[in-house]
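Okay, here's what each chain looks like letter by letter:
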Amino acid sequence: MIPQLQLWHGDCLKLMENIGAETVDLILTDPPYAVLRHRESIKRHKAKEIERYQAWDDMTISQYYRMLLEFSKVVYSVCREGATLYCFCATENAFLLRMALERVGWRWIMVNFFHKVNPAPVARGRRPQSSVEAFGMAVKARGNTFNAENFGKVHNWIECGDDVFEYPIPSGLTRTHPAQKPLKLMEELIRRSSNEGDLVLDPFMGSGTTLKACLGLNRRGIGIEIDEAYYNAAKADLERYLL
């Protein structure tokens, strides 16, 4: 692995103690959502049933909020003043993310949305299938980096505006984690809120997409993953990406 990227295996809340205080420029992460705890399968139209239960996402709302609160405290201590945080969450839980962040001192900015242009056609009975995922934006104090000239894809403001990001979800052999985000989405967020040479931290690394984005944009990166199988898959995928 090249020196500018570090992959750590273990509990991020403990391992982040090894990161120097006020050294991180950007938090970009995708923790559990506390929504994939139902054990019944979901049926696609004219396709096989989908097993969506994930043990790492099986927690009550109270447990989820406590996790967010502890996460918010630790990342606040390792971030410099002016650092930005982007944290993905279920749309219905965005208010919990805001409560946790503000409670420890983060300045809440807004909710953004990732619009999946190719969502799975899942039949869910008496409600529509959501094709968006929310992610909160917060900053530590003021003076955050915001590279307006690097917005990337420009949206029609009538349809969505600059707080909605539209990309297809990864599929096929490129998908190594059930919650994996598109590389281009992570690249766009990194361009917006950091500069070359900055340190980006992803405490819930999953597939390692954040570190891939750091590599292509000349950022330093630390990724932490507690699940050994996902850690090994991300490490192997990053090594192949470097070839």
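Here the structure is a predicted model, which means the values were calculated and not measured.

**Focus: the pattern of salt bridges**
Enumeration according to the criterion identifies 9 salt bridges in this entry. One salt bridge in this structure joins Lys181 and Asp30, with 2.5 Å as the shortest N-O distance. Of the two residues, Lys181 sits in the loop between β8 (164-167) and α4 (183-193) while Asp30 sits in the loop between β2 (24-29) and β3 (42-43), which places them 151 residues apart along the sequence. Judged by relative accessible area, which is 15%, Asp30 ranks as buried. Of the charged contacts in the structure, one is a salt bridge between Glu133 and Lys181, with a shortest N-O distance of 3.1 Å.

**Regarding the confidence of the model for the protein**
On average, residues of the protein score 82 in pLDDT, and 72% of them are at 70 or above. Overall, residues 152-160 carries pLDDT values under 50, and its contacts beyond four positions in sequence, including any with other chains, amount to 11 contacts.

**Notes on the packing of α4 against helix α5 (residues 209-216)**
Look at α4 against α5: their axes get within 9 Å of each other, and the N-to-C directions meet at 60 degrees. Between α4 and α5, the interaxial angle falls into the category oblique. Crossing of α4 over α5 shows right-handed handedness. Contacts between α4 and α5 involve Leu183, Met186, Glu187 and Ile190 from the first element and Thr209, Thr210, Lys212, Ala213 and Cys214 from the second. Here the residues of the contact of α4 with α5 are counted per class, giving 5 nonpolar, 2 polar and 2 charged.

**Quick notes on the pairing of strand β5 (residues 79-89)**
By the criterion of burial, β5 is predominantly enclosed, with 9 of the 11 residues buried. Note that β2 and β5 share 5 bridges and pair parallel. Across the sheet, residue Val24 finds its bridge partner in β5, namely Cys79. The pairing of β5 with strand β7 (residues 132-139) spans 6 bridges and is antiparallel. Residue pairing across strands places Cys87 opposite Gly136, the latter belonging to β7.

Criteria and cut-off values
- Residues numbered from 1 in each chain as written.
- Predicted model: local features only at pLDDT ≥ 70, side-chain atom pairs only at ≥ 80, totals over all residues.
- Heavy atoms only, no water.
- Salt bridge = Lys/Arg side-chain N within 4 Å of Asp/Glu carboxyl O.
- Helix = DSSP H or I, 4+ residues; strand = E, 2+ residues; numbered from the N terminus.
- Buried < 20%, exposed > 50% of the residue type's maximum accessible area, 1.4 Å probe, protein only.
- pLDDT = per-residue confidence, 0-100.
- Contact = heavy atoms within 4.5 Å.
- Axes fitted to C-alpha atoms, helices over the stretch in contact; angles between N-to-C directions.
- Parallel < 35°, antiparallel > 145°, perpendicular 65-115°, else oblique.
- Left-handed = near helix turned anticlockwise from the far one by under 90°.
- Nonpolar A, V, L, I, M, F, W, Y, C, P; charged D, E, K, R; others polar.
- Pairing = 2+ DSSP bridges.

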